[in-house]
Amino acid sequence: MCGIVGYIGTQAAAPLVLAGLQRLEYRGYDSAGIAVLHEAGEIVTERAVGKLLYLAARLELAPLSGHIGIGHTRWATHGGVTEENAHPHLGMNGEVAVVHNGIIENYASLRRELQAEGVTFTSETDTEVVAQLVERELAQSGDLAASVRAALLRIEGASSFVFISTRQPDRIVVARLGNAGGIVIGLGDRETFIASDIPAILKHTRKIIFLENRQLAVVRSDKIALSTLSGAPLEPEIHAISWDPVAAEKGAYRHFMQKEIAEQPRAITDTIRGRVNFSSNRVHLETLPLTVAEARELEKITIVACGTSYHAGLVGKFMLENLAEVPVEVDYGSEFRYRRPLVGKNNVVLAITQSGETVDTLAAMEEGKRQGAKLWSIVNVLGSQAQRSSDGYILMHAGPEIGVASTKAFTASLVDLYLLALQLGTQRGVLQGERLEEAIAALARLPQLAGQVAEEVEIYHRLAEIFYTRDHFLYLGRGPNYPIALEGALKLKEISYIHAEGYPAGEMKHGPIALIDRMMPVVAVATRDGVYEKMISQIEQVKARGGIVIALVEQGDELAAAKADYVMEVPGTTPFLAPILNTIPLQWLSYAIAVRRGADVDQPRNLAKSVTVE
Ligand code: AGP
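Note that the structure is a prediction, hence the values are computed from the model and not measured.

Undergrad: Tell me about the overall build of the protein chain, and please be specific about residues and values.
TA: Looking only at helices and strands, the protein chain features 19 helices and 27 strands. Rg of the C-alpha trace for the protein chain: 25 Å, near the compact-globule value of 25 Å for 614 residues, within the 12% margin. Seen through its principal axes, the protein chain has C-alpha atoms that stretch 75 × 55 × 45 Å. Each of the 614 residues in the protein chain was classed as buried or not, and the buried ones make up 61%. Long-range contacts, defined here as pairs at least 24 residues apart, represent 71% of the contacts in the protein chain between residues at least 6 apart. In the structure as shown, the protein chain presents an accessible area of about 22,500 Å², 50% of it carried by carbon and sulfur atoms. Of the charged side chains in the protein chain, 59 are positive and 72 negative, and the gap between their average positions amounts to 2 Å.

Structural data, given as structure tokens:
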């Protein structure tokens, strides 16, 4: 959610921190600020409401000089969108500055306690409470790390913090409590970077330390002292990040979302690469340790995920139950832990999460672990909390996904689910011979087929021109394409702000058919599978009631095309891979409509790329 960047070294801190925040713009925010330890020994800050360009303009007019700095882009949780509530926040004596990601659940009682001691507050935020607490401790201990430890003992809730202080102007102290958004420490040459996300600092270093839950780091320009919150020293694990910094940039594309839709053939290829032996028809998921015996003992997989990742889980259910014959439940991360779920030994809780930091999904994983289930995850970020807390994981290999609306990570997660189904089906002895060969051969053709639909073609912009002013859309699908109807509707609503609903087509007669009129376009996913004829019948039912149908059909399917008012085409493939191809035209359609409406495609209002608060 919030973006955090810190710097300590020999260069001017403010420009580097601002540039890092600009690379985190996609995380969503409503205000931003920077604090720098000035040569004169005091902390100077600059904050602004709105886009980063307003903060940049102020820094242009009044540059902040100093070699230690911290910055923040805020997505308001406690306190309105005002300059006073923007981070960084200072203690009342100006000796401590902090930026924060997460929520302090007991901030109100702490605030009252501090006010009773005469502390004055200048904001409505929970964050300012921790600045005051640390400054109060610092007056006793004189040591920033010790003061942070003491203060955090009082804090309830998941949070990440970055502190600087005038008392010790040679260090930054970083701490993490619970599953709030991650914090990474990047090691440079006599300089060190801190960020909530790797793209913010990838330009400067590929040597990254991931701060884990209940850890604290004292960061100097040339060394890191890592420990537990209680003070036990730890040896930091340094990861080498292989991402290409350019991959995290937009290149020749107008929007990150446009680039990431177009990148899907490569992302699918990268996700398959190295995991399938196409001559022996064997799948090997290198980071998911599972013996044949364990695969055969597996009683149930419960998939937990949010948003688009939840829709991937619904498709995964079809893949895993049909190809691996393992029972699958799918639940929202935000619902799972509150419904008294029944998971236990010989069960797996499988989290699907692009960011690996979605707090609802992480909390669902914790509940699964508490009940004795094995934890697996499908993630796009190596080193994310979900990946590091799993017994086994499968990377999406989609590369950094910057657009808030998830596209390439979604299709990459479907490929991962398909690979998992193939491996499990083989290990469980229920997928073999010709059926296995066909399943593997279809996968081999997938990148090339995806290449046919990943090109932005005129049809989507023509449809956008006709329908961009509509207020409602209905998306219909059946079987593995029902989740694709849900996903198509989510894409449209989250970037164009048009109300859109996904529905199982068979449900139309149980209510939604009452909605049909000429003003509400119906998008019908009607590629050939076991329920194709029923989808054709549903299209006819909509037409019979005066509805307008935009059908997604297989290339050359003249029968389906003749039933619809407008047609989008995809190449044919097997029913379990069709959802991957069918998603892409729906992504393009939502993109084209959002662009035609002049919407903020990469940073839709109220949304953030990673939802690290409940
Ligand atoms: C997807 O387009 C949305 N931005 C959102 O629903 C997202 O899928 C959801 O927040 C889950 O994110 P995750 O995959 O990083 O856990």
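Undergrad: Lay out the layout of surface pockets with the relevant residues and their values.
TA: Remark: the empty space left among the atoms is shown by a probe the size of a water molecule rolled over them. Within this model, the largest pocket holds a volume of roughly 660 Å³. Forming the walls of the largest pocket are 33 residues, and the residues nearest its centre are Cys-306, Gly-307, Thr-308, Leu-490 and Val-611. Secondary-structure elements contributing two or more residues to the lining of the largest pocket are helix H9 (307-323), strand E20 (347-353), helix H11 (359-370) and helix H16 (482-496). Sort the elements by how many residues they give to the lining of the largest pocket and H16 lands first, with six residues. Among the residues making up the lining of the largest pocket, the classes are represented as 13 nonpolar, 14 polar and six charged.

Undergrad: Provide a residue-level description of the site of the ligand, including the pertinent values.
TA: Residues in contact with the ligand amount to 13 residues; listed here are only the nearest, Ser-309, Thr-353, Ser-355, Thr-358 and Glu-494. Contact between the ligand and Thr-353: an oxygen atom at 2.7 Å from a side-chain N or O atom of the residue. Between the ligand and Ser-355 there is a distance of 2.7 Å, counted from an oxygen atom to a side-chain nitrogen or oxygen. A total of 410 Å² of accessible area belongs to the ligand in isolation, and the protein chains cover 90% of it.

Undergrad: Describe the sheet that holds strand E5 (residues 89-90), with residues and values.
TA: Neighbouring strands of a sheet are bound in pairs by backbone hydrogen bonds; such pairs are parallel or else antiparallel. Strand order in the open sheet formed by seven strands is E5-E6-E7-E8-E12-E13-E14, and the pairing between neighbours is antiparallel. Strand pairing shows two members of the sheet lacking a second neighbour, E5 and strand E14 (233-234), which therefore form its edges. Two strands pair when backbone bridges link them, and strand E12 (residues 215-219) and strand E13 (residues 224-228) are joined in this way by five bridges, in the antiparallel orientation. Bridged to Gln-215 within E13 is Thr-228. Where helix H4 (residues 127-141) meets the sheet, it contacts E5, strand E6 (96-102) and strand E7 (159-165), and its direction lies at approximately 140 degrees from that of E6. Lying over the sheet, helix H5 (residues 144-152) contacts E7, strand E8 (172-177), E12 and E13, oriented at roughly 20 degrees with respect to E8.

Undergrad: I'd like a description of the packing of helix H7 (residues 264-272) against helix H14 (residues 433-453), backed by residues and values.
TA: In a pair of packed helices, the angle between the axes and the distance between the axes together describe the arrangement. Where H7 meets H14, the axes come as close as 8 Å, and the angle between the chain directions of the two elements is 165 degrees. On the basis of the axis angle, H7 is roughly antiparallel to H14. In terms of crossing hand, the pair formed by H7 and H14 is left-handed. Between H7 and H14, the residues in contact are Pro-265, Ile-268, Thr-269 and Ile-272 and Leu-443, Leu-446, Pro-447, Ala-450 and Gly-451, respectively.

Undergrad: So what's going on with helix H19 (residues 578-596)? Which residues, and what values?
TA: Counted at 1.5 Å a residue, the expected span for H19 with its 19 residues is 27 Å, and the 28 Å between its end C-alpha atoms agrees. Here H19 lies mainly inside the structure; 18 of its 19 residues are buried.

Undergrad: Could you give an account of the packing of aromatic side chains, with specific residues and numbers?
TA: By the definition in use, this model includes seven aromatic pairs. Aromatic side chains Phe-467 and Phe-473 sit 6.3 Å apart centroid to centroid with 75 degrees between the ring planes, which places their arrangement in the edge-to-face category. Both residues of the pair, Phe-467 and Phe-473, count as buried. For the ring pair Trp-588 and Tyr-591, a centre distance of 5.9 Å and an interplane angle of 70 degrees mean the geometry is edge-to-face. Note that Trp-588 and Tyr-591 are positioned in helix H19 at a spacing of three residues, about one turn of the helix.

Undergrad: Account for the pairing of strand E4 (residues 68-74), naming residues and giving values.
TA: With respect to burial, E4 is a largely interior element, seven of its seven residues being buried. By the alternation rule, side chains of E4 split into Ile-68, Ile-70, His-72 and Arg-74 and Gly-69, Gly-71 and Thr-73, which are all buried. The pairing of strand E1 (residues 3-8) with E4 spans six bridges and is antiparallel. Along E4, the bridge assignment pairs Tyr-7 with Gly-69. Sheet analysis places strand E2 (residues 31-37) next to E4, joined by seven bridges and oriented antiparallel. Within E4, the position partnered with Val-36 by the bridge is Gly-69.

Undergrad: Account for the sheet that holds E2, naming residues and giving values.
TA: Strand order in this open sheet of eight strands is E3-E2-E4-E1-E10-E9-E11-E15, and the pairing throughout is antiparallel. The open sheet is flanked by strand E3 (43-49) and strand E15 (238-240), the only strands paired with a single partner. Ignoring which end each strand starts from, the neighbouring axes of this sheet average 20 degrees apart. Across three bridges, the pairing between strand E11 (residues 207-211) and E15 is antiparallel. The residue bridging Ile-209 from the neighbouring strand is Ile-238, located in E15. Its contacts with the sheet put helix H1 (residues 13-22) on E1, E2 and E4, and the angle it makes with E1 is roughly 155 degrees. Docked against the sheet, helix H2 (residues 52-61) engages E2, E3 and E4, running at close to 140 degrees with respect to E3.

Undergrad: Lay out H14 with the relevant residues and their values.
TA: When the terminal C-alpha atoms of H14 are compared, their 31 Å separation across 21 residues agrees well with the 30 Å that a helix rising 1.5 Å per residue should span. By the largest-angle criterion, Leu-446 marks the main kink of H14, which is about 40 degrees, and a proline, Pro-447, follows within four residues. Listed in full, the buried residues belonging to H14 are Leu-436, Ala-439, Ile-440, Ala-442, Leu-443, Leu-446, Pro-447, Leu-449, Ala-450 and Val-453. Considering only its buried residues, H14 is in contact with H7, strand E16 (276-277), strand E17 (282-283), helix H13 (408-427), strand E27 (566-570) and H19.

Undergrad: Tell me about unusual backbone geometry, and please be specific about residues and values.
TA: Here the residue pair His-87 and Pro-88 is connected by a cis peptide bond, since its omega of 0 degrees sits within 30 degrees of zero. Topologically, Pro-88 is positioned in the loop between E4 and E5. Backbone geometry places Arg-190, a non-glycine residue, at a positive phi of 60 degrees. Position of Arg-190 among the secondary structure elements: in the loop between strand E9 (183-187) and strand E10 (192-195). With a relative accessible area of 51%, Arg-190 lands in the exposed category. At Asn-346, a position not held by glycine, the phi torsion is positive, near 65 degrees. Considering the arrangement of structural elements, one finds Asn-346 in the loop between helix H10 (333-336) and E20.

Reading the values: rules and limits
- Residues numbered from 1 in each chain as written.
- Predicted model: local features only at pLDDT ≥ 70, side-chain atom pairs only at ≥ 80, totals over all residues.
- Heavy atoms only, no water.
- Helix = DSSP H or I, 4+ residues; strand = E, 2+ residues; numbered from the N terminus.
- Rg over C-alpha atoms; globule rule 2.2 N^0.38 Å.
- Buried < 20%, exposed > 50% of the residue type's maximum accessible area, 1.4 Å probe, protein only.
- Contact = heavy atoms within 4.5 Å.
- Areas by Shrake-Rupley, 256 points an atom, 1.4 Å probe, with all protein chains shown as cover.
- Lys, Arg positive; Asp, Glu negative; His and termini not counted.
- Charge placed at Lys NZ, Arg CZ, Asp CG, Glu CD.
- 1 Å grid on protein atoms, 1.4 Å probe; cavity = no way out; pocket = protein on both sides within 12 Å on 5 of 7 lines; lining within 4 Å.
- Points joined across faces, edges and corners; volume = space filled by probe spheres on them.
- Nonpolar A, V, L, I, M, F, W, Y, C, P; charged D, E, K, R; others polar.
- Near = heavy atom within 4 Å.
- Polar contact = N/O pair within 3.5 Å; in protein donor to acceptor, adjacent residues only side chain to side chain.
- Pairing = 2+ DSSP bridges.
- Axes fitted to C-alpha atoms, helices over the stretch in contact; angles between N-to-C directions.
- Parallel < 35°, antiparallel > 145°, perpendicular 65-115°, else oblique.
- Left-handed = near helix turned anticlockwise from the far one by under 90°.
- Expected span 1.5 Å × (residues − 1).
- Phe/Tyr/Trp six-rings, centres within 6.5 Å; stacked < 30°, edge-to-face > 60°.
- Bend = angle between axes of the 7 residues up to and from the residue.

Note that every value here comes from positions in space, so none of it alone points to a role or purpose.
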